[in-house]
Amino acid sequence: MTAFLAILSLAGIGLILGIGLGIAAKKFGVAVDRHEEEVMQVLPGTNCGACGFPGCQAYAAAVVSGKAPVNACIAGGNEVNMKLAEVMGAELEESVPQVAVVCCRGGKNKVEEKFIYQGINNCLAASLLQGGGKRCPYGCLGFGSCVDACPFGALKMDENCLPVVDEDACTGCGLCVKVCPGNIIQLIPRETKAYVACVSKDRGKDVREICNVGCFGCGICAKVAPQAITMDGNLPHIHSDNMEKIAKAVEKCPAKVLIVRENVSSSS
Amino acid sequence: MIKTFPGGIHPPQYKSLTAEKSVETLPLPQKVFIPLGQYTGAAATPTVSVGDKVKTGEKIGESNAFVSAPVHAAISGKVTAISMHPHPVVGREEAIVIEREGDEWVELRGHSSYEILTPGEIREIVRSAGIVGLGGAGFPTAVKISPQKQIDTFILNGAECEPYISADYRLMVENAEEIVTGMKILMHALGVNKGYIAIEDNKPQAMREMEKASSSEPGIKVVLLRTKYPQGSEKQLIKAILNREVPSGGLPPDVGVVVNNAATAKACADAVLLGKPLIERVVTVAGPNVVEPKNIRVRIGTPFKDLIEFCGGTVETITKLVAGGPLMGVAQYSLQTPVIKGTCGIIVFSSKDVPDFRPSECIRCGFCVDVCPMGLLPGELATYIEKEQWDECEKSGLSDCMECGSCAYICPAKRQIVQLIKYGKAKIAAVGKKGLLGEGFSLT
């Protein structure tokens, strides 16, 4: 009898609570857009923030409500974007995968400091004081703000305080580009075979005085490979993937600022 | 009664090094470097080219932007270069280099009296004379005296609250008449008849001289303020004298006030009555590492090196050189950096005077809250910035901070509060400019 009473009362409580929960679920339920869930499933879920929204869920909500484009997930790359477009019924052209490259070789062993900096270890903060401590006003300040910003662990600082990109881990999200107060880190299409590792706009004489690995705008590369490289002010601009021509220019470059990316397959 | 504002700090004054020395004039420099951007606002574009001969006082650069001021040749000679050069505030800036040949002036055309001029004409004279606030920030004066709001009070800022600096003090003692004339000109341009001359109570002689010079002016009153940093800040002056509070994000005209520095007033008098553009200013060269500290009248664009040599050089090698006052000034990296319109002082330190700062964690003592003249919570702001909580920063009034440095001065943990705040402001501005989604990204 006692056992029966216990079972009955428990069942009763269960029933009442169950009905209560059922009503509450109906009454206070938050309607989740079916689309939003679908979008969430497609997204990588790393919450990197490269899209500009605080995490994947917020981006998914923005996509569904039409406040964000379907191709903003940089970490997910082309694959995710295409899937997203499919879910949302949008049309999308295939995007070119990008990779970050470091466009400065003037580490602390190459370019002197113009003063002893005693402030906070952050590139933007350091750049606010007299344009940063490096004698080259364009060069990498070397506090590693880009490393801190990378959600994928694709960046690290080398022994000369220059960032190094792990190209396999880099998703081309561009967060490092955004935190860099200079223009040191740039995104280039993954297939690019060569790039210029200097961003100094100064005259050659001034560059040479402070840095022996900076481009001093001699223009030899543009002369050697006129169809592939042109001079844009004091800096060369590569606009061809013709390796034969570029290789000649790389060989002739006195400052060795033209960097050939080695593991790019020639077929791609 | 001695008036003041809530908060603030009492750093050692060190003004006796130069306060009782008359202003000396630096011999004309051989070379000047005149930066094209010397003030808040758009930088000027050069109106001369390399090889041109210029006369002293000739306009060599100007901009069409409303918030801007032209620059003038500070010596006569030949323009030898227009190139990047060290700049005391931004580090590097395009400058016009003039090599001196003789001392030939442009013809100066002054007005015998300012009363015959309309406010618009005065604004135009002040603008074309290239006058900017000489206290430090360098806001173009012509813009300041063209307010959109109704102004009822003018305050002449002679507080000079930064340690070491005594340039304005000497000017008030030696050129009281001109300063008061300049003040009357500015009041005439603004159409106000109530003016205060604000002086800290550590400068009794300046007060006497200014009272004497303004005794025939019923609308002008000298007010004594407590010696406290940052008494010379506009908003703090207005609070102390008129007990009015400039609203958050607002400017003095919002409460019907315009504040101008004493040296700026003198420059305006020179511009209107003598037709002289702003090509020189008084600079205090002081600090424990200067052989003979002095107040020097120098031409704009003179390299710091010339000034230090004029003071007999330094006792030891220079470890730190600050342009401006020691609290709000900027540390320099080159002796070739030129004096600009806003350079009120050069403070030179040796290695003994520069302590090794080791910042540590906040100990929650609240000293920074006590001293903040803006009534902010500096320590909290710094923590929000360290934690990158930008929304909290904006809610807590980050943009109201004027970076006076009282908090960092008083902080027993030696936190780099001001640098963090400057960084936070820059970061928020960068995010605003590039947008949360990054450059070139639009919400479609």
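The structure displayed is predicted, hence computed values, not measured ones. (Residues numbered from 1 in each chain as written. Chains lettered and ligands numbered in written order. Predicted model: local features only at pLDDT ≥ 70, side-chain atom pairs only at ≥ 80, totals over all residues. Heavy atoms only, no water.)

Enquirer: Help me get a handle on the overall build of chain B, residues and values and all.
Expert: Scanning chain B from terminus to terminus reveals 13 helices and 17 strands. Taking 2.2 N^0.38 as the reference for a compact globule, 444 residues should give roughly 22 Å; the C-alpha atoms of chain B span a radius of gyration of 22 Å, in line with that estimate. The principal-axis extents of the C-alpha atoms in chain B amount to approximately 60 × 60 × 50 Å. Looking at chain B as a whole, 54% of its 444 residues qualify as buried. Pairs at least 24 residues apart make up 74% of the contacts formed inside chain B by residues separated by at least 6 positions. Of the roughly 18,500 Å² of accessible surface on chain B, 52% is carried by carbon and sulfur atoms. (Helix = DSSP H or I, 4+ residues; strand = E, 2+ residues; numbered from the N terminus. Rg over C-alpha atoms; globule rule 2.2 N^0.38 Å. Buried < 20%, exposed > 50% of the residue type's maximum accessible area, 1.4 Å probe, protein only. Contact = heavy atoms within 4.5 Å. Areas by Shrake-Rupley, 256 points an atom, 1.4 Å probe, with all protein chains shown as cover.)

Enquirer: Requested: an account of the packing of aromatic side chains, with residues and values cited.
Expert: Throughout the structure, instances matching the rule amount to six aromatic pairs over all chains. Geometrically, the ring pair formed by Trp390(B) and Tyr423(B) is edge-to-face, given 6.2 Å between the ring centres and 75° between the ring planes. Here Trp390(B) is found in helix H11 (residues 390-395), whereas its partner Tyr423(B) is found in helix H13 (residues 417-434), with 33 residues between them in sequence. Take Trp390(B) and Tyr423(B): they sit in the same class, and that class is buried. The cationic tip of Arg208(A) hangs over the ring face of Phe216(A); the distance from NZ or CZ to the ring centre is 4.0 Å. In this structure, Lys228(B) is placed above the aromatic ring of Phe5(B), and the distance from its NZ or CZ to the ring centre is 4.5 Å. (Phe/Tyr/Trp six-rings, centres within 6.5 Å; stacked < 30°, edge-to-face > 60°. Lys NZ or Arg CZ within 6 Å of the ring centre and 35° of its normal.)

Enquirer: With reference to specific residues and values, describe the nonpolar core.
Expert: All names here are of chain B. Ranked by internal contacts, the top residues of the largest apolar core, which has 49 residues, are Ile131, Phe154, Leu156, Ile179, Ile197 and Met210. Mapped by element, the contributors of at least two residues to this core are helix H1 (119-128), strand S9 (153-158), helix H3 (167-174), helix H4 (176-190), strand S10 (195-200), helix H5 (204-213), strand S11 (220-225) and helix H7 (262-274). Among all residues touching Phe154, those that are not within four sequence positions of it are Met183, Leu186, Met187, Leu190, Val192, Lys194, Gly195, Tyr196, Val258 and Asn260. Residues Leu376, Leu381, Ile421 and Tyr423 belong to the second largest nonpolar core, which totals 27 residues. (Core = buried A, V, L, I, M, F, W, Y, C linked by side-chain atoms within 4.5 Å.)

Enquirer: Explain the pattern of salt bridges to me, and be specific about the residues and the numbers.
Expert: Residues and elements named next belong to chain B. In total, this model carries 27 salt bridges over all chains according to the counting rule given. Where Lys53 meets Glu101, a salt bridge forms, and the shortest distance between an N and an O atom there is 2.7 Å. Residue Lys53 is located in strand S4 (residues 53-54), and its partner Glu101 is located in the loop between strand S8 (91-100) and H1; the two are separated by 48 residues in the primary sequence. On the basis of relative accessibility, which here comes to 57%, the residue Lys53 falls in the exposed class. A relative accessible area of 37% means that Glu101 is categorised as partly exposed. When the shortest N-O distance is used, the salt bridge between Asp356 and Arg358 registers 2.8 Å. Judged by relative accessible area, Arg358 falls into the exposed class, the value being 62%. Residues joined by salt bridges that share partners form a network here, namely Glu20, Arg170 and Glu174. (Salt bridge = Lys/Arg side-chain N within 4 Å of Asp/Glu carboxyl O.)

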